[in-house]
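Here are the chains, one letter per residue:
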Amino acid sequence: MASNDYKNLPKIITDVPGPESTLLLQRQREMESSTVIYLDSFPIAIKRAENSLIEDLDGNIFIDWVSGISVMNLGFNDKIRDAVKAQLDDIWHALEIPTEVRINFLEALRNSFPPEMRNYKTIFGISGADACETAINIAHAIRKKNAPTIAFEGAYHGVSGGIIAATAGRKYREAVYSDGFKIIRVPYPYELWYDYDVSDIISIMKKIMDDGEAGYDRPDSVIVEPIQGEGGYIVPPDGFLKAIREFCTEYDLTMIVDEVQSGVGRTGKMWAFEYENITPDIVCVSKSIGGGLPVSLVYYRDDYDKKLPKPFHLGTYRANPLAMAAGITVINEVPKYFDKVKSSGKEMLNKFNKIDSNLIGEVRGKGYMIGIELVDNGKPMNSKRMMELKHELLQNGLLMHTCGHYGNVFRFMGALNMPDELINTGINIFGKVLRGK
């Protein structure tokens, strides 16, 4: 794959899917669960990937704007590959017994947070859902009660076990037969469709705390995404996180910030909450921290740690040494791209806004976390048309995924080190497809 010759990319030489991809898709469907969802959006079979390019079995080469759903923040990177290969020569499974790579990762992680948070503790997991569930369990454990947690409309914190209750989407919760945590749902600022400002939301939250006749059990925590991910890449107004921090401090609630999708440089800072200069009590981290290897973690206040029972959170595969090796590389490399992500992200917002199409209702984002919300006659575009557009983008060589309250938001989540040529080519493809409708 000649990934440095961007003039001739993407390269589509067969129908999509081509014959080899079609065969493998059929074999997968014969043997694997029918509940697999990404085959519907991306009907190709992958042969290999390099940086921000993906080649299928038929020789088609696509520009990757999905990055494994913000997992590959550095793309399919040689430095990460080399770090994992080197770790294989030492050890690749170690339970919780210390290894050099584990301690080096923990130190790098601590140094990635603001100075006032560098005495926090880390507990490892496997997935983002695992991290968010553990975070709420910590909030409950330190108070020794099963109190409600305040979560937001449009929130996505995972779809397994107890955390399913904190995820807002009905389509996710209907498929999981678990009562989950006790959740009190409040609005998230979403100016395109809903007229709630920050003060309105904080007033609702204060009523929950102050009005004993409102019918709410008293919560012990708030879980919030700095920018909503699956909810639609919704960027709240400046001051939103700070207002939540002040609310949690006033009422002695644990503030949990879910950085699973917005963290590790995605917005142009290591952690998106840094834009508001706040100090969360707990931070949930996963996706890109492992550079494509499964790992998650909860980063939480040291005084909380003294109140946790032993054992508290167990798992055989937590903090796998290969993921730690990849993670050290990610933490060291990502800051090199902060300035690029901030400046290029602003340029992309401007270029998306200049696309001449009445299908675009709003373009919003921060850094390389950009959402383009599509409308049809003043209403959210329906899922059928969105899927048609997604397939047309694929046929033109661009992998791009959707999200949102109504599934009508295309999102840019390309690698932070993606060459400008692939960004500009992708925008041209996106604009061409929209203008053709």
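Residues numbered from 1 in each chain as written. Predicted model: local features only at pLDDT ≥ 70, side-chain atom pairs only at ≥ 80, totals over all residues. Heavy atoms only, no water.

With an unreviewed UniProt entry as reference, the protein chain is termed Aminotransferase class-III, source organism Ferroplasma acidarmanus Fer1. What UniProt states about the protein chain under its Cofactor (unreviewed entry) heading is, verbatim, "pyridoxal 5'-phosphate". Under the UniProt heading Sequence similarities (unreviewed entry), the note attached to the protein chain is "Belongs to the class-III pyridoxal-phosphate-dependent aminotransferase family." (UniProt positions renumbered as here; feature names shortened; annotations may be inferred.)

Participant: Help me understand the packing of helix α12 (residues 338–353) against helix α14 (residues 420–435) in this model?
Facilitator: In contact at an axis separation of 11 Å, α12 and α14 are set at 20° when each is read in the N-to-C sense. Of the possible angle classes, the one that applies to α12 and α14 is roughly parallel. Considering only the axes of α12 and α14, their crossing is right-handed. Residues Lys340, Ser344, Met348, Lys351 and Phe352 of α12 lie in contact with α14, whose contacting residues are Asp420, Ile423, Asn424, Ile427 and Phe430. (Axes fitted to C-alpha atoms, helices over the stretch in contact; angles between N-to-C directions. Helix = DSSP H or I, 4+ residues; strand = E, 2+ residues; numbered from the N terminus. Parallel < 35°, antiparallel > 145°, perpendicular 65-115°, else oblique. Left-handed = near helix turned anticlockwise from the far one by under 90°. Contact = heavy atoms within 4.5 Å.)

Participant: I tried to follow the environment of glycine 290 on my own but got confused; where do I start?
Facilitator: By the secondary structure assignment, glycine 290 is in the loop between β9 (282–285) and β10 (296–300). Glycine 290 sits 20 residues away from lysine 310 along the chain, and the two C-alpha atoms are 26 Å apart. Excluding residues that lie within four positions of it along the chain, glycine 290 makes contacts with Val295, Ala323 and Ala326.

Participant: In this structure, what is going on with the sheet that holds strand β14 (residues 398–399)? I would like to understand it.
Facilitator: Working definition: the strands of a sheet are paired by backbone hydrogen bonds and lie parallel or antiparallel to each other. Judged by pairing direction, the sheet is mixed, and its four strands sit side by side in the order β1-β2-β3-β14 without closing on themselves. The open sheet terminates on both sides in strands that have one partner only, identified here as β1 (46–50) and β14. Of the strand pairs in this sheet, strand β3 (residues 61–64) and β14 are connected by two bridges, and their pairing is parallel. The residue bridging isoleucine 63 from the neighbouring strand is leucine 398, located in β14. (Pairing = 2+ DSSP bridges.)

Participant: What exactly am I supposed to notice about the packing of helix α13 (residues 383–395) against α14 here?
Facilitator: The description of two packed helices rests on the angle between their axes and on the distance between the axes. At a minimum axis distance of 10 Å, the contact between α13 and α14 shows a crossing angle of 135°. The orientation of α13 relative to α14 falls into the category oblique. The handedness of the crossing between α13 and α14 comes out as right-handed. For the pair α13 and α14, contact is made by Leu389, Glu392 and Leu393 and by Ile429, Phe430 and Val433, respectively. Residues belonging to the contact of α13 with α14 are distributed by class as follows: five nonpolar, no polar and one charged. (Nonpolar A, V, L, I, M, F, W, Y, C, P; charged D, E, K, R; others polar.)

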